[in-house]
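In case you want the letters, here they are:
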Amino acid sequence: MRRSDIKAVSNASSRWAGEVWRFLWVPPLFPSAAHRWPSDLRSSGSLLAAELGFQRLVRKVLGVGGLITMPAKRATILAKAMKLQSLLFISSSLILLCSVDHVICGRTSTFIRSEWPSTDIPLDNEVFAIPKGYNAPQQVHVTQGDYDGKAVIVSWVTISEPGTSEVLYGKEEHKYEHTAQGKTTNYTFYNYKSGYIHHCLVDGLEYDTKYYYKIGKGDAAREFWFQTPPKIDPDALYIFGIIGDLGQTFNSLSTLEHYMRSGGQAVLYVGDLSYADRYEFNDGVRWDSWGQFVERSAAYQPWIWTAGNHEIEYRPDLGEIFTFKAYKHRYATPYVASKSSSPLWYAVRRASVHIIVLSSYSPFVKYTPQWFWLLEELKRVDREKTPWLIVLMHAPLYNSNEAHYMEGESMRAAFESLFVHYKVDIVFSGHVHAYERSYRISNINYNITSGSRYPVPDKSAPVYITVGDGGNQEGLAVRFSKPQPDYSAFREASYGHSTLELKNRTHALYHWNRNDDGKPVPTDHVVFHNQYWASNTRRRLKKHRGSHAGYIATY
């Protein structure tokens, strides 16, 4: 093999080698289909183009013609592929091969971005503009309001007086056939007094329907809309955005604007919202500005909330001894619908996914309320209806950055064995202001006196993804540990957001998008196989395919 060929594969492999290598070796998950990507994945033009382009490079090295599709042709090239595999390992300085299940490599990006200053946007900036009109509703946001996606909670703030907590809504713009009545609350924090915070449950909605809603009165009334998700179905298509540690800097604005162009239909938010606690006396004005900042997205699609450490706001020196005070008053969650005793941990089902939200900063060890609730909630998961199982938390269980290193260790010890047993697909977290994705690994066999002390590959384990890179005023966490741990697949200290596109019960497309000098740049790409359905399919294939099953390597 010529050196130019190795370089050609190397240049493409940093993005697609792991996927193509899996593609070469894995029989299809649909026995009746051609031995290529499933048709719903082929519908993605960019993915198909990348697949075809990389196939040309691999065919050049292997010395075969035509698309690598049919079983006979695969059998013909297996020996050559084995030879290529050996050469790839020998040429490890040039070539990166990555798969989630099999730890082949890890990569630390060397990209260094020229970021905007990590300071909050001035309060007089237009991004915080207050709507016109007396007592006009502001800081409008919606979240899922029930267990199955047929309700939303609409929240907003009025400043001058309570006003009405009524929401008018209907299926046609400016025509509101229905009314829902909400409730009003407020709070004080030291020398700050909040406005009047409204929460209104709008339920009995139809799936996959666009609803228009109106809040406020007279000339100050405001109108918005939201789209309900498709009905609970294992093959429901849906796109989630994943954002964490956003804050309210110009970097934050870049992240938010990029996400809003991504096609995402709901946000999985992994904690640390306003960073108001970074100000003297935990200035509540910065809670108000953040609510107005995210309204451009959160008023039109649900944000699924997770609490972070910057929401704790425990300040006994100011006489404030109750934790999560501002957060719990401002951001409602449907915790009662999932039989939780706290708004800080809860679960929802949406489209084809079961989402579990955990609190890193509430008691979670064995026999605590959160531990008991998680155990029961995992038993309720029906992978026949919601095949995708995702967990949200703030502090990452696996983190190779010097920032917040090992802070999630105690929760890992409490929950990791449950995640493996129930085959959680992905765990998203924030906290560390950088991006990192792991392989499928676990560390559940060590018991002080015996067992491996180190994480090992585990096909039943989730992939752990840290997306704490929203753009807040604390800046980036640039100091990754060296060498890169075996469990870490990719890491980069840049701002950005992620999207997860659920294609069907077996496949999902994941992208991490870097904010590159104000432009969204897709940087990390993964095709996920569903833990439940893919493993069931592998068992069926093993029964019918005999010795070939020994070569299966999936994501």
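Quick notes on the rules
- Per chain, residues are indexed from 1 in the order of the written sequence.
- Restriction of local features to residues with pLDDT of at least 70 applies here, the model being predicted, together with a cutoff of 80 or more for giving and counting side-chain atom pairs; totals for whole chains, interfaces and linings are based on all residues.
- Calculation of side-chain values draws on the structure's entire complement of heavy atoms; hydrogens and water are dropped beforehand.
- Only DSSP runs of H or I reaching four residues or more are called helices, and only runs of E reaching two or more are called strands; each is numbered from the N terminus.
- Note on classification: 1.4 Å probe, protein chains only; a residue is buried when its accessible area is under 20% of the maximum for its type, exposed when over 50%, partly exposed between these limits.
- Any pair of residues with heavy atoms lying within 4.5 Å of one another is described as a contacting pair.
- Pairing between strands is defined by DSSP: at least two bridges between them are needed.
- Only C-alpha atoms enter the line fits that serve as axes; for helices the fit covers just the stretch in contact. Angles between N-to-C directions range over 0 to 180 degrees.
- For this analysis, a salt bridge means a side-chain nitrogen from Lys or Arg found within 4 Å of a carboxyl oxygen belonging to Asp or Glu.
- Whenever a nitrogen or oxygen atom comes within 3.5 Å of another N or O atom, the pair is scored as a polar contact, on the condition that within protein one atom can donate a hydrogen and the other can accept it, and that pairs from neighbouring residues in sequence are kept only if both atoms are in side chains.
- What we call a nonpolar core is a set of buried Ala, Val, Leu, Ile, Met, Phe, Trp, Tyr and Cys residues that are connected through their side-chain atoms within 4.5 Å.
- Roughly parallel means an angle under 35 degrees; roughly antiparallel, over 145; roughly perpendicular, 65 to 115; everything else is oblique.
- All amino acids are sorted into three groups, where Ala, Val, Leu, Ile, Met, Phe, Trp, Tyr, Cys and Pro are nonpolar, Asp, Glu, Lys and Arg are charged, and the leftover types, Gly among them, are polar.
- What makes a patch is a set of residues exposed beyond 30% relative accessible area and free of salt bridges, joined within 9 Å when like-charged and within 5 Å when nonpolar (Val, Leu, Ile, Met, Phe, Trp, Tyr).
- Accessible surface area values rest on a Shrake-Rupley calculation with a 1.4 Å probe, where residue burial reflects the displayed protein chains alone.
- Under the convention used throughout, the expected extent of a helix is 1.5 Å for every residue step, that is, one less than its residue count.
- Confidence per residue, as judged by the predictor, is encoded in pLDDT with a range of 0 to 100.
- Should the near helix be turned counterclockwise from the far one by less than a right angle, the crossing is left-handed, whereas a clockwise turn marks it as right-handed.

Let's shift gears to the overall build of the protein. When you go through the protein residue by residue, the secondary structure sums to 10 helices and 26 strands. Burial status across the protein gives 59% buried among its 555 residues. In the protein, the proportion of contacts linking residues at least 24 apart, taken out of those at least 6 apart, comes to 71%.

Next up on the list: the sheet that holds strand β19 (residues 435–438). Pairing is mixed in the open sheet, where eight strands are placed in the order β1-β23-β19-β22-β18-β17-β16-β15. Bordering the open sheet on either side are β1 (107–108) and β15 (346–350), each of which pairs with just one other strand. Where strand β17 (residues 388–392) lies against strand β18 (residues 426–429), three bridges are found, and the strand directions are parallel. Its bridge partner lying in β18, valine 391 is registered against valine 427. Helix α8 (residues 369–380) rests against β15, β16 (353–357) and β17 of the sheet, and its axis sits at about 180° to β16.

Below, the discussion takes up the pattern of salt bridges. When charged atoms on two side chains of opposite charge get close, those side chains can pair. For the structure on display, the rule yields 19 salt bridges. For arginine 222, the salt bridge is made with glutamate 295, and the minimal N-O distance between the two is 2.8 Å. Remark: glutamate 295 occurs in helix α6 (residues 285–298) and arginine 222 occurs in strand β11 (residues 222–227); sequence separation between them is 73 residues. Accessibility expressed as a relative area gives 7% for glutamate 295, which makes it buried. Linking aspartate 524 and arginine 437 is a salt bridge whose minimum nitrogen-to-oxygen distance equals 2.7 Å. Within this pair, whereas aspartate 524 is found in strand β26 (residues 519–529), its partner arginine 437 is found in strand β19, the two being separated by 87 residues in sequence.

The exposure class assigned to aspartate 524 is buried, which follows from its relative accessible area of 4%. A polar contact is formed between the side chain of aspartate 524 and the side chain of arginine 437, at a distance of 2.7 Å.

Bringing the nonpolar core into the picture now. It is characteristic of soluble globular proteins that their nonpolar side chains tend to be buried jointly. Formed by 91 residues in total, the largest nonpolar core has its most connected members in Trp303, Phe419 and Phe428. Ignoring sequence-local partners within four residues, the contact set of phenylalanine 419 consists of Leu358, Leu374, Val391, Met393, Leu397, Val424, Val427, Ser460, Pro462 and Tyr464.

One can describe the packing of α8 onto helix α9 (residues 409–421) by two numbers: an axis separation of 11 Å at closest approach and a directional angle of 5°. The angle between the axes of α8 and α9 places the two elements in the roughly parallel class. From α8, Trp371, Leu374, Leu375 and Leu378 reach across to α9, where they touch Ala414, Phe415, Leu418 and Phe419. Considered class by class, the residues forming the contact of α8 with α9 number eight nonpolar, no polar and no charged.

We now examine the pairing of strand β2 (residues 138–144). Along β2, seven of the seven residues are buried, which leaves the element largely enclosed by surrounding structure. With five bridges connecting them, β2 and strand β3 (residues 152–158) associate as antiparallel partners. Within the sheet, the bridge partner assigned to valine 142 lies in β3 and is valine 154.

Let us look at a nonpolar patch on the surface. On the surface, a cluster of nonpolar side chains totalling about 360 Å² of accessible area is made up of Tyr314, Ile321 and Phe322. As for its placement among the helices and strands, tyrosine 314 is situated in the loop between β14 (303–304) and α7 (325–330).

Counting buried positions along strand β25 (residues 507–516) yields nine of 10 residues, so the element is predominantly enclosed. In the sheet, strand β24 (residues 496–502) pairs with β25 via seven bridges, with the strands oriented antiparallel. Residue leucine 500 lies in a different strand from β25, and its bridge partner there is tyrosine 510.

With that out of the way, let us pick up the environment of tryptophan 225. Considering the arrangement of structural elements, one finds tryptophan 225 in strand β11. Since its relative accessible area comes to 33%, tryptophan 225 is described here as partly exposed.

Consider a sheet: its strands pair through backbone hydrogen bonds, and that pairing is either parallel or antiparallel. As summarised here, the arrangement of the four strands in space is β2-β3-β9-β6, forming an open sheet in which the pairing is antiparallel. Unpaired on one side and paired on the other, β2 and β6 (183–185) mark the two borders of the sheet. Pairs of neighbouring strands in the sheet enclose a mean axial angle of 20°, with direction left out of account. Examined bridge by bridge, β3 and strand β9 (residues 196–202) share seven bridges and lie antiparallel to one another. Its bridge partner lying in β9, threonine 158 is registered against tyrosine 196.

The end-to-end C-alpha distance of α8, which contains 12 residues, comes to 17 Å, matching closely the 16 Å that a straight helix rising 1.5 Å per residue would cover. All of the buried residues in α8 are Gln370, Trp371, Trp373, Leu374, Leu375, Glu377 and Leu378. Those residues of α8 that are buried lie in contact with β15, β16, β17 and α9.

Residues shown with low pLDDT carry predicted positions that ought not to be read at fine detail. When pLDDT is averaged along the protein, the result is 83, and 75% of the positions lie at 70 or above. Here residues 5–55 is a poorly scored stretch, pLDDT under 50, and it has 111 contacts once near neighbours within four places are set aside; other chains count. Taken as a whole, residues 538–555 scores under 50 in pLDDT and shows 30 contacts with residues more than four places along the chain or in a different chain.

Take the packing of helix α5 (residues 250–260) against α6 next. Direction vectors running N to C along α5 and α6 enclose 15°, while the axes themselves pass 10 Å from each other. As far as their axial angle goes, α6 and α5 are roughly parallel. The interaxial crossing formed by α5 with α6 has right-handed handedness. In this structure, α5 uses Ser252, Leu253, Leu256, Tyr259 and Met260 to contact α6, whose residues at the interface are Phe293, Val294, Arg296 and Ser297. Class assignment for the residues of the contact of α5 with α6 results in six nonpolar, two polar and one charged.

Tracing the backbone shows serine 338 in the loop between α7 and β15. Take serine 338: its relative accessible area is 1%, and that puts it in the buried class. Sequence separation of serine 338 and arginine 349 is 11 residues, and the distance between their C-alpha atoms is 9.7 Å. Among all residues touching serine 338, those that are not within four sequence positions of it are Tyr147, Tyr346, Ala347, Trp373, Glu377 and Arg380.

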